[in-house]
Amino acid sequence: METTRKHKVPEMEGRQARWYAKNRGTEAQLKQYRRQAAEVVAGLAAGAEILEVAPGPGFFAIELAKLGFRVTGLDISHTMVEIALEEAARAGMAVDFRQGDVTTAPFADESFDLLVCQAAFKNFRQPVTALNEMHRVLRPGGFAVIHDLNHQATGADIQREVDSMDVGVLSGFTVRQTLGWLRRRAFTPAQFEELAAESEFGGCSVTQAGIGLEVRLTR
């Protein structure tokens, strides 16, 4: 039986959610989302269906939609869903953002070809249950890509990441402090491998880059 992680992470709502969205929507960040979107869908068939778990303000999901894919976003935060819908409307893109919990995903079995999750997995209190739900909603041959903080990232790694965000001095300080705090909850590569082995996926591949990890799991 899975052990539930003890920490309780409050959902990001209201002013806090809008502050986060503002700092994730800089031109430097949007450029990074465009690059990552092109990379993650490389080789994916035209018209494929994508689910982003915890899309936050929706910037990455919108970039995926711009590439011609049908995209759905599932976020536990009501405010984030509101913001994401606003951003999608502003961009003229149809993305199905909805509120919900990944551990009880409101989708039928085998609904998606690709699932992505960015900067949120460390917050899941039941990580194996979340992985099992990801496995359930993927079609056979589909895959999941998880990007998240590396517990082993150094202070220098975090500083370089904040410098690349172009968020200004004051916000940069806050972001650096926040990343340092979040890093304590993040997983190491070995821990991700253990979680994946325990899940229905049965295993994963993990790549390290900067402050983050890329975890790939295939159904």
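Definitions and limits used
- Residues numbered from 1 in each chain as written.
- Predicted model: local features only at pLDDT ≥ 70, side-chain atom pairs only at ≥ 80, totals over all residues.
- Heavy atoms only, no water.
- Pairing = 2+ DSSP bridges.
- Helix = DSSP H or I, 4+ residues; strand = E, 2+ residues; numbered from the N terminus.
- Axes fitted to C-alpha atoms, helices over the stretch in contact; angles between N-to-C directions.
- Contact = heavy atoms within 4.5 Å.
- Salt bridge = Lys/Arg side-chain N within 4 Å of Asp/Glu carboxyl O.
- Buried < 20%, exposed > 50% of the residue type's maximum accessible area, 1.4 Å probe, protein only.
- Core = buried A, V, L, I, M, F, W, Y, C linked by side-chain atoms within 4.5 Å.
- Expected span 1.5 Å × (residues − 1).
- Polar contact = N/O pair within 3.5 Å; in protein donor to acceptor, adjacent residues only side chain to side chain.
- Phe/Tyr/Trp six-rings, centres within 6.5 Å; stacked < 30°, edge-to-face > 60°.

Colleague: Which parts of the structure should I look at to understand the sheet that holds strand β3 (residues 96-99)?
Modeller: Sheet strands pair by backbone hydrogen bonding; their relative direction is either parallel or antiparallel. Across the sheet, seven strands lie side by side as β3-β2-β1-β4-β5-β7-β6; this open sheet has mixed pairing. Each edge of the open sheet is held by one strand with a lone partner, namely β3 and β6 (205-209). Ignoring strand direction, the axes of neighbouring strands in this sheet form an average angle of 15 degrees. Where strand β1 (residues 49-53) meets strand β2 (residues 70-75), five bridges bridge the pair, whose relative direction is parallel. Within β2, the residue paired with Val53 across the bridge is Leu74. In this fold helix α2 (residues 27-40) packs onto β4 (112-118), β5 (138-149) and β7 (212-218), with an angle of close to 145 degrees to the strand it touches most, β4. Packed onto the sheet, helix α4 (residues 78-91) meets β2 and β3 and runs at close to 170 degrees relative to β3.

Colleague: Would you mind going over the pattern of salt bridges with me for this structure?
Modeller: Pairing between side chains of opposite charge can happen when the charged atoms of each approach one another. Evaluation of the coordinates by the stated rule reveals 12 salt bridges. As a salt-bridge pair, Glu39 and Arg35 come within 3.2 Å of each other at their nearest N and O atoms. In this pair, Glu39 and Arg35 are both assigned in helix α2, four residues apart and thus about one turn of the helix distant. When its relative accessible area of 45% is taken as the criterion, Glu39 is described as partly exposed. For Arg35, a relative accessible area of 43% gives the class partly exposed. Each of Glu49, Arg70, Asp113 and Arg139 takes part in a single network of salt bridges with overlapping partners.

Colleague: What am I meant to see in the nonpolar core here?
Modeller: Inside soluble globular proteins, nonpolar side chains tend to come together where they are buried. Among the nonpolar cores identified, the biggest contains 29 residues, and Phe121, Phe124, Met134 and Ile146 are the most heavily contacted of them. For this core, the secondary structure elements donating two or more residues are β1, β4, α5 (127-137), β5, α8 (189-198) and β7. Among the elements that make up this core, the one with the highest residue count is α5 (five residues). Here Phe121 is in contact with Pro127, Ala130, Leu131, Met134, Ile146, Asp148, Phe187, Phe192 and Leu195, once residues within four sequence places are set aside. Among the nonpolar cores identified, the runner-up in size contains 25 residues, and Tyr33, Ala84, Leu114 and Val116 belong to it.

Colleague: Teacher, can you tell me more about α4 here?
Modeller: One full turn of an α-helix is made of 3.6 residues, so residues set three or four places apart face in the same direction. In this model, α4 (14 residues) spans 20 Å end to end at C-alpha, consistent with the 20 Å of a helix rising 1.5 Å per residue. Taken together, the buried positions of α4 are Thr79, Met80, Val81, Ile83, Ala84, Glu87 and Ala88. By the N-cap criterion, in which a side-chain oxygen at the helix start approaches the backbone nitrogen of a residue two or three places on, α4 is capped by Ser77, the distance to Thr79 being 3.4 Å. Just downstream of α4 lies Gly92, where phi reads positive at about 70 degrees.

Colleague: Any chance you could explain unusual backbone geometry here in plain terms?
Modeller: Outside of glycine, negative phi angles account for most residues, and trans bonds account for most peptide bonds. One non-glycine residue with positive phi stands out, namely Ala54, at about 60 degrees. Tracing the sequence through the fold places Ala54 in the loop between β1 and α3 (59-66).

Colleague: Sorry, what's going on with the pairing of β7 here?
Modeller: Side-chain positions along a regular strand alternate between the two faces of the sheet. Bridge count between β5 and β7: seven bridges; the pairing is antiparallel. Within β7, the position partnered with Val145 by the bridge is Arg216. For β6 and β7, the ladder comprises five bridges, and the chain directions are antiparallel. Bridge assignment links Val206 to a residue of β7, and that residue is Val215.

Colleague: Explanation requested: the packing of aromatic side chains in the structure shown.
Modeller: Between two aromatic rings, the relevant description is the distance of the centres plus the angle of the planes. Applying the stated criterion across every chain, the model contains seven aromatic pairs. Plain terms: the ring middles of Phe107 and Phe112 are 5.1 Å apart, the flat faces sit at 90 degrees to each other, and that makes the pair edge-to-face.

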